[in-house]
Amino acid sequence: MYNIRKLTDDLTWIGGIDRKIQKFENVYKLNSGMNYNSYFLDCGATVLFDTVGSETADIFFENLEYCLAGRTLDYVVVHHMEPDHSATLAEVLDANADAKVIVNAKTLQFISQFFPGKDYSARAVVVKDGDELTLGDHKLRFVFAPMVHWPEVMLSFDETEGILFSADAFGSYGAINGSIFADGKDFEKDLLGEARRYYTNIVGKYGMQTVAAINKASQLDIKMICPLHSYVWRKDIDKIINCYKTWGSYTPEVEGVFILTGSIYGHTANAAEVLMTELDKRGIDSVILDASATDISDIIAAAFTYSHIVIATPTYNNNVYSPVEHAVRELAAHGLTARSFSVIENGTWAPSAAKNILPLLEGLKNCKITGETVTIKSSGNDATRHGIEALAEAIDNDIRNK
């Protein structure tokens, strides 16, 4: 049974929704599933924008068949070759032998890699950055966005209706509920957190490329954004674009403190709570996440959100507590930059977490260390509290000086 959603008189959403999936890319937790967006343009020509992954293939093909209504498919536009959007591409092209596939040169290469033995080059319309193409009574302009977040990624802009097909940009975790339009939801309450978590984990490493793509797209008269995941944007488009400008430039949203902690018997966690209290006394917003119990996607999102990050970790095997070390290495892998770090270490007989974690932090681009390392021996004492108070004061001064 088909399930489509009309976006304009000419454009229809024909994607699929997977509410069973629990991890995106088999790494990052999903709280409410995921949807995979494909779009059908009926404009004198029949145009398909992207396909879907195998999990939602059945409903996608029913939707496509319904929209075609016995006609042939004229064009398939491929914005991004990641398999959650292209696993069914070969099947679509094989079933529609006359359809042209609109790609760039890198995409054509990736098609041959994902579908060995298939050669669609004779059917390919290979476009370059800035090219325009008239399909039926609509005109498309192609905007390349390499490394947002794969090298072949491109966007297309329907100049006729002002619609930006944005590939993985401006998407979000979570399956849509009810209306496909983002304006049916409360931006701050319902959309921002999952959009941030999606960007920082999936695209976050490529901030420079993201900003470059946004600068290109900002020159367009955008009336609607159709991403490959989650909701379609037709109102308050500046909200999501401004978020991407902030995230892409690694600008903190909050001048406050994210405390990343790991604790074995509770003593390090208690020190983190004491710091949180001292920060609150100084009017500084803070949040604590436990590296042992928190999904890495939430840790990465928090690190992108706050200006200051405190690592509170026990010594473990004469090194850093492994869940904390893993989280810090993930921050580095995601290209986090321009943050201020501080360290609280714990160790009963030979505290050595700081000497191992500091080189990792100092290796992050445009990052610095604020305050002196606080060293706890076991459960802490008055000297420990004084050290935590001094650290809170150093962070407060650093924020005020900014």
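The shown structure was predicted, so the numbers you read here are calculated from the model rather than taken from an experiment.

### A word on the overall build of the chain
- Looking only at helices and strands, the chain features 12 helices and 23 strands.
- For the C-alpha atoms alone, the extent of the chain along its principal axes is close to 80 × 40 × 35 Å.
- Put simply, the chain has 402 residues, and 54% of those count as buried.
- Long-range contacts, defined as pairs at least 24 residues apart, comprise 73% of the intrachain contacts of the chain with a sequence gap of at least 6.
- About 16,700 Å² of surface is accessible on the chain, with carbon and sulfur atoms providing 48% of the total.
- Of the side-chain charges in the chain, 36 are positive and 53 negative, and the distance between the mean point of each set is 2 Å.

### Here we look at a negative patch on the surface
- A cluster of acidic residues, Asp58, Glu62, Glu65 and Glu91, forms a negative patch at the surface.
- For the negative patch, the element with the most residues is helix 1 (residues 57-68), which contributes 3 residues.
- Within the secondary structure, Asp58 sits in helix 1.
- For Asp58, a relative accessible area of 64% translates into the label exposed.

### Thoughts on the packing of helix 10 (residues 322-333) against helix 11 (residues 353-362)
- Interaxial distance between helix 10 and helix 11 falls to 10 Å at its minimum, and their mutual angle equals 10°. Classed by the angle they form, the pair helix 10 and helix 11 counts as roughly parallel. For the crossing formed where helix 10 meets helix 11, the hand is left-handed. Only Ile357, Leu360 and Leu361 of helix 11 make contact with helix 10, whose side of the interface consists of Glu325, Val328 and Arg329.
- Residue composition of the contact of helix 10 with helix 11, by class: 4 nonpolar, no polar and 2 charged.

### Section: the nonpolar core
- By size, the foremost hydrophobic cluster in this structure holds 117 residues, and its most contacted members are Leu7, Tyr39, Phe170, Cys226, Tyr244, Phe258 and Ile311.
- Here this core gets 8 residues from one element, more than from any other, and that element is helix 5 (residues 187-203).
- If sequence neighbours within four positions are ignored, Phe170 has contacts with Leu164, Ile214, Ile225, Pro227, Trp233, Ile240, Ile241 and Tyr244.
- Core analysis: the next-biggest nonpolar cluster, separate from the first, contains 18 residues, Leu275, Ile388, Leu391 and Ile395 among them.

### Observations regarding a nonpolar patch on the surface
- Nonpolar side chains collect at one region of the surface, where Ile264, Tyr265 and Tyr316 lie side by side and expose about 370 Å² of accessible area between them.
- The exposure class assigned to Ile264 is partly exposed, which follows from its relative accessible area of 38%.

### Some details on the side chain of Asn37
- Along the chain, Asn37 turns up in the loop between strand 6 (34-36) and strand 7 (39-42).
- A distance of 3.3 Å separates the side chain of Asn37 from the side chain of Tyr39, its partner in a polar contact.
- Within the structure, the side chain of Asn37 is placed 2.9 Å from the backbone oxygen of Ser230, a separation counted as a polar contact.
- Excluding residues that lie within four positions of it along the chain, Asn37 makes contacts with Trp13, Gly15, Thr51, Pro227, Leu228, His229 and Ser230.

### Here's the deal with unusual backbone geometry
- Across the junction of Val148 and His149, the peptide omega takes the value 5°, indicating a cis bond.
- Residue placement: His149 occurs in the loop between strand 13 (138-144) and strand 14 (154-158).
- Phi angles above zero are rare outside glycine, and Asn26 is one such case at about 60°.
- Position of Asn26 relative to the elements: it lies in the loop between strand 4 (23-24) and strand 5 (28-29).
- Judged by its relative accessible area of 67%, Asn26 falls in the exposed class.
- Located in the positive-phi region is Ala338, a residue other than glycine, with phi close to 60°.
- With respect to the helices and strands, the residue Ala338 is situated in the loop between helix 10 and strand 21 (340-346).

### Quick look at the packing of helix 9 (residues 296-305) against helix 10
- Contact geometry for helix 9 and helix 10: axes closest at 10 Å, N-to-C directions at 55°. Relative to helix 10, helix 9 is oriented oblique. Crossing angle aside, the handedness with which helix 9 passes helix 10 is right-handed. Only His326, Ala327, Glu330 and Leu331 of helix 10 make contact with helix 9, whose side of the interface consists of Ile296, Ile299, Ile300 and Ala303.
- Across the contact of helix 9 with helix 10, the residue classes break down as 6 nonpolar, 1 polar and 1 charged.

What counts, and where the lines are drawn
Numbering of residues begins from 1 in every chain and follows the order in which that chain's sequence is written. The model is predicted, so local features are restricted to residues of pLDDT at least 70 and side-chain atom pairs to those at 80 or more, both for listing and for counting; the totals for chains, interfaces and linings are taken over all residues. The basis for the side-chain values is all heavy atoms of the structure; hydrogens and waters are excluded. Secondary structure elements are taken from DSSP: a helix is a run of H or I of four residues or more, a strand is a run of E of two residues or more, and numbering for both begins at the N terminus. Only protein chains enter the calculation, and the probe is 1.4 Å; a residue is then buried if its accessible area is under 20% of its type maximum, exposed if over 50%, and partly exposed in between. Contacts were defined at the residue level, with two residues in contact if any of their heavy atoms lie within 4.5 Å. Note on areas: these come from Shrake-Rupley sampling with a 1.4 Å probe, and a residue is covered only by the protein chains present in the view. Charge assignment: positive for Lys and Arg, negative for Asp and Glu; neither His nor the chain ends contribute. All charge positions are set by atom: Lys at NZ, Arg at CZ, Asp at CG, Glu at CD. Residues enter a patch when their relative accessible area is above 30% and they make no salt bridge; the linking distance is 9 Å between like charges and 5 Å between nonpolar side chains (Val, Leu, Ile, Met, Phe, Trp, Tyr). What makes a salt bridge here is a side-chain nitrogen of Lys or Arg within 4 Å of a carboxyl oxygen of Asp or Glu, nothing more. Fitted lines through C-alpha atoms give the axes, limited to the stretch in contact for helices. The angle between two N-to-C directions lies from 0 to 180 degrees. By the definition adopted for this analysis, an angle is roughly parallel if under 35 degrees, roughly antiparallel if over 145, roughly perpendicular if from 65 to 115, and oblique otherwise. Put simply, a crossing is left-handed when the front helix is turned counterclockwise from the back one by less than a right angle, and right-handed when it is turned clockwise. In this classification, Asp, Glu, Lys and Arg are treated as charged, Ala, Val, Leu, Ile, Met, Phe, Trp, Tyr, Cys and Pro as nonpolar, and every other residue, Gly included, as polar. Here the nonpolar core consists of buried residues drawn from Ala, Val, Leu, Ile, Met, Phe, Trp, Tyr and Cys, with membership extended through side-chain atoms lying within 4.5 Å. The term polar contact refers here to a pair of N or O atoms within 3.5 Å; inside protein, the definition further demands a hydrogen-donor-capable atom paired with an acceptor-capable atom, and it admits residues adjacent in sequence only when both atoms are side-chain atoms.

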